[in-house]
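Residue-level structure breakdown
So you can see what is in the structure, the chains are spelled out below.
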Amino acid sequence: MALWGNSDNVTSTGTVSLNYSTGVVTGSGTTFGTKGNGLIGDIIRFGERAATYYGDAVIVDIASPTSCTIGSTMGLSGAAIANERFTVAQCPNLKF
């Protein structure tokens, strides 16, 4: 359970690639935009902590079930993120 009460890992279906210059994440077998599978404001984690881990980013836009945009590539490392496993974590909804 996440410290903020939502899910630490809501999905890891498929793989993702990231275009560092545009911030566009392209997925294969992903379902971005559906509840529990990566919504705007969720955190996408690239790679696996026990293996190759690139870092985290916030999803700021969803174009389709296989394409989303992250807010920033700052903090991500690696020459390329291509066909990597990923997880998504939910953040608290701060709308009152």
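So, here is what we can say about the structure in this document. (Residues numbered from 1 in each chain as written. Predicted model: local features only at pLDDT ≥ 70, side-chain atom pairs only at ≥ 80, totals over all residues. Heavy atoms only, no water.)

Topologically, Ile40 is positioned in the loop between β2 (24-28) and β3 (43-47). When the C-alpha atoms of Ile40 and Ile70 are compared, they prove to be 9.1 Å apart, with 30 residues separating the residues in sequence. When sequence neighbours within four positions are dropped, the list of residues in contact with Ile40 reads Ile59, Val60, Asp61 and Ile62. (Helix = DSSP H or I, 4+ residues; strand = E, 2+ residues; numbered from the N terminus. Contact = heavy atoms within 4.5 Å.)

Here the focus is the side chain of Asp42. The residue Asp42 is located in the loop between β2 and β3 in this model. Judged by its relative accessible area of 6%, Asp42 is buried. For Asp42, the side chain forms a polar contact with the main-chain nitrogen of Leu39, separated by 2.9 Å. (Buried < 20%, exposed > 50% of the residue type's maximum accessible area, 1.4 Å probe, protein only. Polar contact = N/O pair within 3.5 Å; in protein donor to acceptor, adjacent residues only side chain to side chain.)

Strand order in the open sheet formed by seven strands is β6-β1-β2-β5-β4-β3-β7, and the pairing between neighbours is antiparallel. Strands at the two margins of the open sheet, each flanked by one partner only, are β6 (81-84) and β7 (86-89). Between one strand axis and the next, the sheet turns through 35 degrees on average, direction left out of account. Bridge count between β3 and strand β4 (residues 53-64): five bridges; the pairing is antiparallel. (Pairing = 2+ DSSP bridges. Axes fitted to C-alpha atoms, helices over the stretch in contact; angles between N-to-C directions.)

If you look at the biggest cluster of nonpolar residues, it comprises 15 residues, and the most contacted ones within it are Leu18, Val25, Phe32, Ile44, Phe46 and Ile70. Contributions of two or more residues to this core are made by β1 (15-19), β3, β4, β5 (67-70) and β7. Phe46 has contacts with Val16, Leu18, Val25, Thr52, Tyr53, Tyr54, Gly55, Ala57, Ile70, Leu76, Ile81 and Arg85, leaving out every residue within four places of it along the chain. (Core = buried A, V, L, I, M, F, W, Y, C linked by side-chain atoms within 4.5 Å.)

The residue Gly14 is located in the segment before β1 in this model. If sequence neighbours within four positions are ignored, Gly14 has contacts with Ser28, Gly29, Arg85 and Phe86.

Okay, the packing of aromatic side chains next. For the structure on display, the rule yields one aromatic pair. Measuring from ring centre to ring centre gives 6.0 Å for Phe32 and Phe86, while their planes differ by 50 degrees; the resulting arrangement is tilted. One end of the pair, Phe32, is in the loop between β2 and β3; the other, Phe86, is in strand β7, and 54 residues separate them in sequence. Of the residues examined, Phe32 reaches a relative accessible area of 3% and is grouped as buried. On the basis of relative accessibility, which here comes to 2%, the residue Phe86 falls in the buried class. (Phe/Tyr/Trp six-rings, centres within 6.5 Å; stacked < 30°, edge-to-face > 60°.)

Attention now moves to the pattern of salt bridges. If you walk through the whole model with that rule in mind, you get two salt bridges. Residue Asp56 pairs with Arg45 through a salt bridge whose shortest N-O separation is 3.4 Å. Here the residue Asp56 occupies a position in strand β4, and Arg45 occupies one in strand β3, the gap between them amounting to 11 residues. Taking the relative accessible area as the measure of exposure, Asp56 reaches 29% and is therefore partly exposed. The salt bridge partner of Arg85 is Glu48, with a shortest N-O separation of 3.2 Å. With Arg85 in the loop between β6 and β7 and Glu48 in the loop between β3 and β4, this residue pair connects regions lying 37 residues apart in the sequence. (Salt bridge = Lys/Arg side-chain N within 4 Å of Asp/Glu carboxyl O.)

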